[in-house]
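Below, each chain spelled out in residue letters.
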Amino acid sequence: MALEVPYRSIPDMFLRRVAASPDREAFAHPNADDSAPVWLTWETVGQRAKAIAAGLRGLGVGHEDRVAILANTRLEWVLADLGILCAGAATTTVYPTTEPEDATYIVADSGSRVLIAENPTQAGKMAGAVPAGLTHVVLIDGTPDPAATPPQLSLADLEDRGAQALAAEPDLVDKIVAEIEPDHLATLIYTSGTTGRPKGVELLHRGWCWEAVAQAELGLLREEDLQYLWLPLSHSFGKTLLCGVIHVGLPTYVDGRVDKLVELLSVVRPTLMCGAPRVYEKVYNKSVTTAQSAGGAKAKIFAWAVRTGKEKVALEQAGKPVPGSLQLRYRIAEKLVFSKLQARLGGRIRVLVSGAAPLSKEIGEFFAAANLPISEGYGLTETSAGNFVNRAEAIRIGTVGQAMGDLECKIDSDGEVLLRGAPVMRGYHNLPAETAAAFTEDGYFRTGDIGELDADGYLKITDRKKDLVKTSGGKYIAPSHIEGVFKALCPYTSQAVVIGQARNYCTMLVTLDPDAITAWAAGGPLAGRPYTEIVTSAEAAAMVDDYVKQLNAKLNRWETVKKVTILPRDLTIEDGEMTPSLKIKRRGVETNFAAEIDKMYEGTLAEL
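Residues numbered from 1 in each chain as written. Predicted model: local features only at pLDDT ≥ 70, side-chain atom pairs only at ≥ 80, totals over all residues. Heavy atoms only, no water.

**With respect to the overall build of the protein**
For the protein, the count of helices and strands is 22 helices and 26 strands. Every one of the 608 residues in the protein was classed for burial, and the buried ones make up 55%. For the protein, long-range pairs separated by at least 24 residues make up 64% of all intrachain contacts whose partners lie at least 6 apart in sequence. When the accessible surface of the protein is summed, it comes to about 24800 Å², and 52% of that surface belongs to carbon and sulfur atoms. (Helix = DSSP H or I, 4+ residues; strand = E, 2+ residues; numbered from the N terminus. Buried < 20%, exposed > 50% of the residue type's maximum accessible area, 1.4 Å probe, protein only. Contact = heavy atoms within 4.5 Å. Areas by Shrake-Rupley, 256 points an atom, 1.4 Å probe, with all protein chains shown as cover.)

Laid out in structure tokens, this is it:
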């Protein structure tokens, strides 16, 4: 059945939201000392977005022109994006961690006329080779340089100019919005990719509006919710949530400071939070290692509570009734153990959503056991991020749920997941050959993911098509499966990367979580030692080796990990080892740690 989308564009949806609930809380930002959110009403957000739109028109920005945003997730990112769209233009998103060369390339390739940068440092990324089409730079923070080329102004200046234009022509923005069509360009998001230059994904108003309605239809977002939005707004996951917020009208706290997330959850007390698996892995690691380090009765009670919770979850997943005796045990487990974890997340969580990378089944089971079920979802930048998701009331752990809205999905003969529908991109910007290669003859987008659909339409992603490892013995191995099992077994893990392509056995690179491994070392001979010294110690190697033995006991013989290297530092975005959405870039890892990998395979020819 076709999904009914009543909007022509994001600005159409936005202005209708402002008119419908002008006095309701819309978006918040942190106050000076992080003690409370500062809320803006929809009316205020509407006024500021319109002022930015009119200001951009005054800078010569026209219909479907591109305006780039180079900033962290913050309230001004939202206002700038809405202002760009209300000006009839399209937003080019640039991650704040992007190196100057790539940032300049994205602004130039997109044809962006204006850059809205967080501060002079971010604006300075254009200094090496200013893109030819760039006419102005707008600074969110910091003082504009009067001698800069292209000319600079502050976001406050831009809003003031726009407010003056609107005073002279009050219906300026309304007239512009009336001309925006569903098939007009709304967003250019550049995929980080694993090799070569990033590719610009052209996403249309039609797809984003579809996303907004589809999220509401399945109950993912509700008007009475309070969302904590910390995800990168440069990424499609954050952008699709913004669209849902506008359609539903739920209040959203916007703060991209990930280092403040755990601390501020108890201040903001959200009912809804979406994140990448790494966030949930860190919560899991902290819970398990805290219980283990406490020892004695506390550790035993924690282990009993988790077993009790998982027993209850297993029955629920199988569609079987939970006996009264188990319900009673679970209530005790929740009071003694799980209530503390719930309180750490603010005490009001209704739904957690995971996306952007695979979530380990074991970690999904742990959160469900704690009565904090995670609705895992699936999507790609090229398909506007939201394609499949588990409904909160019908979660199947280990799957990414059912298709959203009227999205069409089929599995190709080689197992590749194919998608067709409104949220799928128009194409890659200025890359007709790559666009053509991304689609089947009947218009399905090739996701590059391998998956299975069950009889009820639940999708299980088994691996990336290009990440499947074929050993020299001819066996195919799914690295992400092995990595996920290991992360769930070893609560000290930050990242795990399985190696094995064209090799005669599998090995693994492991990085250890700084907080978890420091707690593990406390009270022993490594207490107080630097991170590098702890992770390269014989004690850490022995600990990891024990978990690898547990891992291998769960794997087929040809999947087992023969050797492991603990790396002296964690993987980073800056070193090209992870994407900004926290997916591992395998090629970057294998290049940067080639010596460590080669060492694990030394002498293998002699062993054959």
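**Examining the sheet that holds strand E18 (residues 416-420)**
Taken in spatial order, the four strands of this open sheet run E17-E18-E20-E21, and their pairing is antiparallel. Pairing within the sheet leaves two strands with one partner each, and these edge strands are strand E17 (408-411) and strand E21 (459-464). Pairwise comparison of adjacent strand axes, ignoring direction, gives a mean angle of 50° for this sheet. Where E18 and strand E20 (residues 445-453) come together, three bridges link them in antiparallel fashion. (Pairing = 2+ DSSP bridges. Axes fitted to C-alpha atoms, helices over the stretch in contact; angles between N-to-C directions.)

**Here's the deal with the layout of surface pockets**
Here the second largest pocket defines a volume of roughly 1200 Å³. Val258, Arg278, Val279, Lys282 and Leu582 are, among the 47 residues lining the second largest pocket, the residues nearest its centre. In terms of residue count, the dominant contributor to the lining of the second largest pocket is helix H11 (residues 277-294) (eight residues). Split by residue class, the lining of the second largest pocket holds 25 nonpolar, 13 polar and nine charged. (1 Å grid on protein atoms, 1.4 Å probe; cavity = no way out; pocket = protein on both sides within 12 Å on 5 of 7 lines; lining within 4 Å. Points joined across faces, edges and corners; volume = space filled by probe spheres on them. Nonpolar A, V, L, I, M, F, W, Y, C, P; charged D, E, K, R; others polar.)

**Focus on the pattern of salt bridges**
In total, this model carries 38 salt bridges according to the counting rule given. Put simply, Glu181 and Arg8 hold a salt bridge, and the shortest N to O gap is 3.2 Å. Of this pair, Glu181 sits in the loop between helix H7 (172-178) and strand E8 (185-191) while Arg8 sits in the segment before helix H1 (10-20), and the two are 173 residues apart along the sequence. A salt bridge links Arg16 to Asp12; its shortest N-O distance comes to 3.1 Å. Of this pair, Arg16 and Asp12 both sit in helix H1, four residues apart, roughly one helical turn. Of the residues examined, Arg16 reaches a relative accessible area of 40% and is grouped as partly exposed. (Salt bridge = Lys/Arg side-chain N within 4 Å of Asp/Glu carboxyl O.)

**As for the packing of aromatic side chains**
Tallying each qualifying case throughout the model produces twelve aromatic pairs. For the ring pair Phe302 and Phe366, a centre distance of 6.4 Å and an interplane angle of 40° mean the geometry is tilted. Within this pair, whereas Phe302 is found in helix H12 (residues 296-317), its partner Phe366 is found in helix H14 (residues 361-369), the two being separated by 64 residues in sequence. Both residues of the pair, Phe302 and Phe366, belong to the buried class. In this structure, Arg197 packs its charged tip against the face of Tyr105, placed 4.5 Å from the ring centre. Here the basic side chain of Lys239 rests over the ring of Trp208, its NZ or CZ set 5.9 Å away from the ring centre. (Phe/Tyr/Trp six-rings, centres within 6.5 Å; stacked < 30°, edge-to-face > 60°. Lys NZ or Arg CZ within 6 Å of the ring centre and 35° of its normal.)

**Describing the side chain of Lys312**
As for its placement among the helices and strands, Lys312 is situated in helix H12. Leaving out residues up to four positions away in the same chain, Lys312 has contacts with Val322, Leu326 and Tyr330.

**A look at the nonpolar core**
In terms of nonpolar packing, the biggest core is built from 131 residues, with Phe14, Phe27 and Phe367 touching the most fellow members. Of all the elements, helix H3 (residues 75-86) adds the most residues to this core, at nine residues. Among residues more than four places away in sequence, those in contact with Phe27 are Val38, Trp39, Leu40, Trp42, Val45, Leu75, Val78, Leu242, Val245, Thr252 and Val254. Membership of the second largest hydrophobic core comes to 29 residues, among which are Tyr492, Ile517, Val535 and Leu555. (Core = buried A, V, L, I, M, F, W, Y, C linked by side-chain atoms within 4.5 Å.)

**Section: the environment of Val45**
Relative to the assigned elements, Val45 resides in helix H2 (residues 42-58). Owing to a relative accessible area of 0%, Val45 belongs among the buried residues under this scheme. Taking the C-alpha atoms as reference points, Val45 and Pro22, 23 residues apart in sequence, are found 9.1 Å from one another. When neighbours within four sequence positions are excluded, Val45 is seen to be in contact with Phe14, Ala26, Phe27, Leu40, Leu79 and Leu82.

**Looking at the packing of H12 against helix H13 (residues 324-344)**
Two elements in contact, H12 and H13, have axes separated by 9 Å at closest approach and are oriented at 135°. As the angle between them shows, H12 and H13 are arranged oblique. Considering only the axes of H12 and H13, their crossing is left-handed. Contacts from Ile301, Phe302, Trp304, Ala305, Val306, Thr308, Gly309, Glu311, Lys312 and Leu315 of H12 reach H13 at Leu326, Arg329, Tyr330, Ile332, Ala333, Leu336, Val337 and Phe338. Residues that form the contact of H12 with H13 fall into these classes: 13 nonpolar, two polar and three charged. (Parallel < 35°, antiparallel > 145°, perpendicular 65-115°, else oblique. Left-handed = near helix turned anticlockwise from the far one by under 90°.)

**Some points on the pairing of strand E9 (residues 199-204)**
Burial runs high along E9: five of the six residues are buried. Strand direction decides the pairing type here: E8 and E9, joined by six bridges, are antiparallel. Following the sheet pairing, Thr191 is matched in E9 by Lys199.

**Looking at the state of the cysteines**
Per the stated rule, a full pass over the model turns up zero disulfides. Between Cys490, a free cysteine, and Cys506, which holds the nearest cysteine sulfur, the sulfur-to-sulfur gap is 18 Å. Using a relative accessible area of 0% as the deciding quantity, one classes Cys490 as buried. (Disulfide = S-S within 2.5 Å.)

**Here we look at the side chain of Glu118**
For Glu118, the location among the structural elements is in the loop between strand E5 (112-117) and helix H5 (120-123). Among the polar contacts listed, one links the side chain of Glu118 to the side chain of Asn72, at a separation of 2.8 Å. If near-sequence neighbours (up to four positions away) are discounted, Glu118 is found in contact with Leu70, Ala71, Asn72, Arg74, Ile140 and Asp141. (Polar contact = N/O pair within 3.5 Å; in protein donor to acceptor, adjacent residues only side chain to side chain.)

**Quick notes on the sheet that holds strand E7 (residues 152-154)**
Strand order in the open sheet made by the eight strands is E7-E6-E5-E3-E4-E8-E9-E19, with mixed pairing throughout. The open sheet terminates on both sides in strands that have one partner only, identified here as E7 and strand E19 (427-428). Pairing of strand E6 (residues 136-139) with E7 involves three bridges; the strand directions are parallel. Looking across to E7, one finds that Val137 is bridged to Gln152.

**Section: helix H10 (residues 261-268)**
Residues Leu261, Leu264, Leu265 and Val268 constitute the buried set of H10. The buried residues of H10 occupy an angular sector of 125° when projected down its axis, which confines them to one face. Close packing links the buried residues of H10 with strand E2 (37-41), strand E10 (227-229), strand E11 (252-254), strand E12 (272-275), H11 and H13. The first or second residue beyond H10 is Arg269, which carries a positive phi of 55°. (Arc of directions from axis to C-beta.)

**Overview of empty space enclosed by the protein**
Counted under the stated rule, the structure contains four cavities of 30 Å³ or more. Here the largest cavity defines a volume of roughly 70 Å³. Along the walls of the largest cavity sit Leu359, Ser360, Lys361, Gly364, Ile374, Glu376, Asn390, Ile395, Arg396, Ile397, Gly398 and Thr399, which together make up its complete lining.

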